[in-house]
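Analysis of the macromolecular model
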There are 2 protein chains.
Amino acid sequence: MTQPVHDRATGVNYDPSGGERHAHKWGFTDTYFEFDSPSTVRLAGNRYPLAGHTLPAFIPFVEAMLGIPLRAEDRQEERVDPAVPDTSATGDLLEALEGALDADQVSLDDRERLIHSHGQLSVDEVYRILYRDALERVVDVVVYPQSEEDVRTLVELADRFDIVLIPYGGGTNVSGALAIPSQERRTVVSVDMQRMSRILWIDEVNRQACVEAGISGKELEMALGTKGYTSGHDPDSVELSTLGGWIATNASGMKKNRYGNIEDIVLEATLVTPAGVVETLHITPRNSTGIQPRALLFGSEGNFGIVTKAVIKIHPRPEVQSYGSLVFPSFEKGVEFLHALRKTGVLPASIRLVNNNEFRFGQALQGEPTFWGSLRRRLQRFVLFQLKNFDPKSLAACTIVMEGTAAEVAQQRRTIFPLARSYGGISGGSSGGKRGYMLTFSIAYIRDFFNQYQILGETFETSVPWSRIHDVTRSVTEELERQTKVHGVAGRPYLSYRLTQTYHTGVCIYFTMGFSGVGLDRADEVYHKIEQCLRQVILDQGGSLSHHHGVGKIRQQFLPQIQTEGSIKVLQELKKAVDPKNIFGARNGVFD
Amino acid sequence: MTQPVHDRATGVNYDPSGGERHAHKWGFTDTYFEFDSPSTVRLAGNRYPLAGHTLPAFIPFVEAMLGIPLRAEDRQEERVDPAVPDTSATGDLLEALEGALDADQVSLDDRERLIHSHGQLSVDEVYRILYRDALERVVDVVVYPQSEEDVRTLVELADRFDIVLIPYGGGTNVSGALAIPSQERRTVVSVDMQRMSRILWIDEVNRQACVEAGISGKELEMALGTKGYTSGHDPDSVELSTLGGWIATNASGMKKNRYGNIEDIVLEATLVTPAGVVETLHITPRNSTGIQPRALLFGSEGNFGIVTKAVIKIHPRPEVQSYGSLVFPSFEKGVEFLHALRKTGVLPASIRLVNNNEFRFGQALQGEPTFWGSLRRRLQRFVLFQLKNFDPKSLAACTIVMEGTAAEVAQQRRTIFPLARSYGGISGGSSGGKRGYMLTFSIAYIRDFFNQYQILGETFETSVPWSRIHDVTRSVTEELERQTKVHGVAGRPYLSYRLTQTYHTGVCIYFTMGFSGVGLDRADEVYHKIEQCLRQVILDQGGSLSHHHGVGKIRQQFLPQIQTEGSIKVLQELKKAVDPKNIFGARNGVFD
């Protein structure tokens, strides 16, 4: 058995063998929330820093926020074997697939087919499979290419047999991108890229590496780490999501201030399409050579072909990595600070601002304190609430990751903390900062835990200009309250948000919402409807359709509000040119 | 008469009325090099800091470098009225144009038509027009739209009358992008965007502005400057080139370390195409909403439509702007330093490294020294050559622009100068740095001056990985020597180069070359052939086809070496989808 590898930066114990994943829920089977007493929970396993600790405050916090008790009788059992329709793959097709690939590269297994037919949309996918109807339509075959040659062969076979290919990376999308279009009558083959996870070359002089697209973030970081490098791409899904998936989604990483978003990290990539291989043969730093084919990769959402490999920037692991945190009297003050910090030009690798609910959510996830821990917490509370007169119901907090040379980090520190003071900010110490980032990895497990008790929850995000932040958060808050009343939701909805990224012209707002579905007729449909209303409110207030989650299927109805007819037509014509038979028939975004 | 505005940062005197431009040569009619004694030249006018000073060392330097004398009898007279073919515009078309636009928006004037039929390719365009054959094909009509509505109307008329539209910005491209394809039989209309130069709105909170695409860099900076802002985009052509042109070329600015290249500066833009208006309706900081239509804008080189306006980032003018310079014992040491500096993560707005020839070229452009200036120069020489043992024939120099808050600039200074010392670098003072940037504006005037004496010269550029810099420069040097021998060029060729931009994975190399065409049969064709050989050598050594000049027509033959068949096919199909009748028939890049 392989030993776990402890990542000091994140506190996560990585299992080099990958670790067995939950079939439909988020993450690994060794990790799940469970009651360890009638009123306390803990995270099982030892994968995350949070794991193993009894959390006395968490259930009371959730009950208080939602205004309902968490009752044992509301617990619903997961469906053990969700129904899976028979495969429609013909003998001819299977013979051709098995002729072109090895036997273990082709699977008709029901469980595998179901796993490959959804992403991680909480309510529309995971919740439905585990507690409601199974999926009407699942993929007919799963294949596991091992080389670019295999991928080209699959595209040729798809053309010959008139079937659909849907690329599959880490299965972590939250956009419905993997859902099979209901109108699709052709055989659908899921192309799972996990075996294409090699680093093909590393060029240390020019700090770039060529990597197969099926590599997960965890595998990539472990492999680069052995040579002293990092890609710097650090999405919340980094353990599971893949390089190819990041490109197809136009992903964003936590530390983009230092390393860039995926479009900054990837220099060039190879896309195998029905029209041929789209690739730039010269890998050079920056070009003016006409429209760049790489522009077709980012956000392609599986509609154009399969990304097989990419050349990415690599960075020496930073000399210094240092965490920090700040507490502000209000979210508004925190926003003012972030805006001012942006203007200084000195940015830490990551800085996030959580609103009051999210701050308290994080506090509620603390374990039983030790004597010293308890003392420290009481002292912190004394300073904040007695000396500084912060209101515990309105304060907000920043978590910070600084990376770079000692001089760079010192300069960041010199800029950030004095500036924060002029907005009423108080340093909360480095452990609070580190803890904030650690919790990120646990959020989706919390979602799956509460699903059992018919509490439906999910995250959603947007990017907005600086001037519209409060319009968006206020309108979403109000609309959620209104909609949950309209639908007769018991208790109150929970809504928290954080600013996860700042840009020159604005920020990314990342919302977490949840409410009880107990007593609702078709709670999953109510949830879906409410989420769509919230998205409309975001658009009305000047927010974007998505900052990094993508469009997929659940956001495609909104596209005419953000793109002109001309833009949509051009993209659709482009699709026809690249893939006239719609082999890549996932029908995401404008390609429905 | 409008008074010139002195820009303290650049030392340039801007004429707010624009200033009259040379019809075919670079720049303004008030500015040109001329002999002020049999062996000395000066720059006429008072537009640039260099202007008005006698330059005693320049002609001797050029003669020494080229190994030939500059002889009065080799001077060729410029053609005063180059022949222009008759317009092919029909009465119907003209009637429709004059019905849709005002009378002063449509021109059939021969001179205007010729001006609009070329860019600033030295030998293939300017030299040919002034000293060789005129152009075979020129545009038939020039129109001056004043609004996006005008542009849409033009595209509709083009569709109805089956004519070609060629967008015209500042006319500064060096890629042949404006040349009319010889096979084109349809009427060709040049769409000059200069009247669409308004700033439509400025959003100071979110630091963005919406600007019409015909605005020149100079106009943009003057207009933003009155409000205390800058776009930060600073290409060498900034006085003349336009926002729309920057987008169409995928331009790069000198200060891209701080402000980004054009693709980083432009948030969204509007492209009027035959398939409709391509535009993103929500202006948000960063998106994951499928393939971004904005990807079709950058590098589109007039093949898809007309960029009418763009939303760009704006920045407060920096608190501090400070110049610096460094002298290194060799170009190689300078490269090592730049590579090391890149890794520190602390980058000045601009840092450029010139090789020995380019350093000496700059020195040769000094005026007669004052007493103190002479003393300073002698002192500098003493330090460099006696104390430090630098070889005057191998040293190289960096020029530096630092911008930002006082703290940022201080941090840059603390990083740059001590690091340079470990690579043998010596500070050359701020005046040398500033002077290096000032000279940039004079280079094209020098080209036009020497053209008169049959000395042909031009710049060309590439981007290369760090590891290939010396392979590229050495191979270009050797190939130029070989080719000039093969073609029987008199004397020696001149070649200098500088690294103008650094990136994570490599740099931009910007070459200047020149040689005497005296005695050659069709010197312009020889020049063209040699330039193509040099490009092939660059590609063979791992350089790119272009870092920021674009493909246009003179580099399109090389595209199959850098793009797969699949990539080219996809782009060509995209073109068919957007512009099935090839209204935008400039045939640049892969669209020939």
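Report follows, based on the coordinates. Bear in mind that the values here come from a model prediction, so they are computed numbers and not experimental data.

Here's the deal with the overall build of chain A
Secondary structure assignment for chain A yields 19 helices and 22 strands. In terms of overall size, chain A behaves like a compact globule, its C-alpha atoms giving a radius of gyration of 24 Å where 592 residues would be expected to give roughly 25 Å. Projected onto the principal axes, the alpha-carbon positions of chain A cover approximately 75 × 60 × 55 Å. Expressed as a percentage of the 592 residues in chain A, the buried residues total 65%. Within the structure as shown, chain A displays about 21,300 Å² of accessible surface, and the carbon and sulfur contribution to it stands at 51%.

Notes on the packing of helix α2 (residues 91-100) of chain B against helix α5 (residues 148-161) of chain B
Residues and elements named next belong to chain B. Interhelical geometry of α2 versus α5 gives an angle of 160 degrees and a closest axis separation of 11 Å. Accordingly, the angle class assigned to the pair α2 and α5 is roughly antiparallel. When the axes of α2 and α5 are compared, the crossing they make is right-handed. Residues D92, L93, A96, L97 and A100 of α2 lie in contact with α5, whose contacting residues are T153, L154, L157 and F161. Its residues assigned to classes, the contact of α2 with α5 shows seven nonpolar, one polar and one charged.

Things to note about the environment of Q536 of chain B
Residue and element names in this part refer to chain B. Locating Q536 in the fold gives a position in helix α17 (residues 523-540). Overall, Q536 belongs to the partly exposed group, its relative accessible area being 24%. In this structure, the C-alpha to C-alpha distance between Q536 and Q454, residues 82 residues apart in sequence, is 25 Å.

Some details on the pattern of salt bridges
Residues and elements named next belong to chain A. Enumeration over the complete set of coordinates arrives at 72 salt bridges over all chains. Here D471 ties to R474 by a salt bridge, and the two come within 3.0 Å at their closest N and O atoms. Taken together, the residues D471 and R474, both in helix α16 (residues 469-486) and three residues apart, mark about one turn of the helix. Classification of R474 by relative accessible area gives partly exposed; the value is 43%. Each of E148, E149, R152, E279 and K309 takes part in a single network of salt bridges with overlapping partners.

Things to note about the sheet that holds strand β9 (residues 199-203) of chain B
Residues and elements named next belong to chain B. Judged by pairing direction, the sheet is antiparallel, and its five strands sit side by side in the order β9-β10-β14-β12-β13 without closing on themselves. The open sheet has two free edges, formed respectively by β9 and β13 (276-278), since each of these has just one partner strand. Along the sheet, successive strands turn relative to each other by an average axial angle of 10 degrees, direction set aside. Here β9 runs beside strand β10 (residues 208-212); their pairing, made up of four bridges, is antiparallel. The residue of β10 that forms the bridge with I202 is A209. Against the sheet, α5 makes contact with β12 (266-273), β13 and β14 (306-313), and its axis sits at roughly 40 degrees relative to β12, the strand it touches most. Where helix α6 (residues 217-225) meets the sheet, it contacts β9, β10 and β14, and its direction lies at approximately 45 degrees from that of β9.

Digging into the relation of the copies chain B and chain A
Once chain B has been moved 0.0 Å along the axis and rotated by 180 degrees, it coincides with chain A to within an RMSD of 0.0 Å. What the superposition gives is, in effect, a two-fold axis relating one chain to the other. Looking at chain B, 100% of its interface residues are interface residues in chain A too, so the copies touch through the same face.

What about the interface of chain B and chain A?
Where interface size is given, it is often the accessible area lost as the parts come together that is meant. The interface of chain B with chain A comprises 86 residues on the first partner and 86 residues on the second. In total, about 6,700 Å² of surface goes out of reach between chain B and chain A, with carbon and sulfur atoms giving 58% of it. Of all residues in chain B, the largest losses of buried area upon contact with chain A belong to R286, I291 and H504 of chain B, amounting jointly to 14% of the total for that side. At the boundary of chain B and chain A, one finds two salt bridges. Here R286 of chain B and E263 of chain A are joined by a salt bridge, their closest N and O atoms 2.6 Å apart. On inspection of chain B and its partner chain A, the count reaches 46 residue pairs in polar contact (both at pLDDT 80 or more). Mapped by element, the contributors of at least two residues to the side of chain B that touches chain A are α9 (262-265), β13, α10 (331-344), α13 (406-421), β20 (455-465), β22 (506-516), α18 (559-562) and α19 (565-578) of chain B. Among the elements that make up the side of chain B that touches chain A, the one with the highest residue count is α19 of chain B (nine residues). Residues of the side of chain B that touches chain A, tallied by class, amount to 35 nonpolar, 40 polar and eleven charged.

A look at α19 of chain B
An α-helical turn contains 3.6 residues, so a residue and the one three or four places further along point in the same direction. An ideal rise of 1.5 Å per residue puts 20 Å on 14 residues; α19 of chain B measures up with 20 Å between its terminal C-alpha atoms. Where α19 of chain B is concerned, the buried positions are G566, S567, I568, V570, L571, L574, K575, A577 and V578 of chain B. Of the surrounding elements, those touching the buried residues of α19 of chain B are β13 (276-278) and α19 (565-578) of chain A together with β12 and α18 of chain B.

Some points on the side chain of T484 of chain A
Residue and element names in this part refer to chain A. Relative to the helices and strands, T484 resides in helix α16. With relative accessibility at 4%, the residue T484 sits in the buried group. In this structure T484 touches V489, P493, F515 and I530, once residues within four positions along its chain are discounted.

Overview of the pairing of strand β8 (residues 188-192) of chain B
Residue and element names in this part refer to chain B. Counting buried residues along β8, five of its five residues qualify, which places the element largely inside the surrounding structure. Residues of β8 alternate between two faces, with V188, S190 and D192 on one and V189 and V191 on the opposite face, all of them buried. Across three bridges, the pairing between strand β6 (residues 141-143) and β8 is parallel. By the bridge assignment, V142 is partnered in β8 with S190. With five bridges joining them, strand β7 (residues 164-168) and β8 adopt parallel strand pairing. The residue bridging V164 from the neighbouring strand is V188, located in β8.

Considering unusual backbone geometry
The backbone of R522 of chain A sits at a positive phi, close to 55 degrees, despite the residue not being glycine. Inspection of the secondary structure puts R522 of chain A in the loop between β22 (506-516) and α17 (523-540).

Focus: the packing of helix α1 (residues 58-66) of chain B against helix α11 (residues 356-364) of chain B
All names here are of chain B. Running from N to C, α1 and α11 cross one another at 150 degrees; their axes reach a closest spacing of 8 Å. By the angle between their axes, α1 is roughly antiparallel relative to α11. In this structure, α1 uses F58, F61 and M65 to contact α11, whose residues at the interface are N357, R360, F361 and A364.

Considering a nonpolar patch on the surface
All names here are of chain A. A contiguous nonpolar surface patch, about 390 Å² in accessible area, is contributed by F371, W372 and L375. In this structure, W372 sits in helix α12 (residues 371-387). Note on W372: relative accessible area 63%, which makes it exposed.

Some points on the nonpolar core
The biggest cluster of nonpolar side chains holds 80 residues, and the ones touching the most others in it are I247 and I312 of chain A together with I247 and I312 of chain B. If near-sequence neighbours (up to four positions away) are discounted, I312 of chain B is found in contact with R207, Q208, A209, V211, L220, S231, L243, I265, V266 and L267 of chain B.

A closer look at the sheet that holds β7 of chain B
Within the open sheet, the four strands sit side by side as β5-β6-β8-β7 (chain B). Their pairing is mixed. For this open sheet the edge positions go to β5 (106-107) and β7 of chain B, each flanked by a neighbour on one side alone.

Criteria and cut-off values
- Residues numbered from 1 in each chain as written.
- Chains lettered and ligands numbered in written order.
- Predicted model: local features only at pLDDT ≥ 70, side-chain atom pairs only at ≥ 80, totals over all residues.
- Heavy atoms only, no water.
- Helix = DSSP H or I, 4+ residues; strand = E, 2+ residues; numbered from the N terminus.
- Rg over C-alpha atoms; globule rule 2.2 N^0.38 Å.
- Buried < 20%, exposed > 50% of the residue type's maximum accessible area, 1.4 Å probe, protein only.
- Areas by Shrake-Rupley, 256 points an atom, 1.4 Å probe, with all protein chains shown as cover.
- Axes fitted to C-alpha atoms, helices over the stretch in contact; angles between N-to-C directions.
- Parallel < 35°, antiparallel > 145°, perpendicular 65-115°, else oblique.
- Left-handed = near helix turned anticlockwise from the far one by under 90°.
- Contact = heavy atoms within 4.5 Å.
- Nonpolar A, V, L, I, M, F, W, Y, C, P; charged D, E, K, R; others polar.
- Salt bridge = Lys/Arg side-chain N within 4 Å of Asp/Glu carboxyl O.
- Pairing = 2+ DSSP bridges.
- Least-squares fit on C-alpha atoms with pLDDT ≥ 70 in both.
- Buried area = accessible area lost by both parts, 1.4 Å probe.
- Polar contact = N/O pair within 3.5 Å; in protein donor to acceptor, adjacent residues only side chain to side chain.
- Expected span 1.5 Å × (residues − 1).
- Patch = residues over 30% accessible without salt bridge, like charges linked within 9 Å, V, L, I, M, F, W, Y side chains within 5 Å.
- Core = buried A, V, L, I, M, F, W, Y, C linked by side-chain atoms within 4.5 Å.

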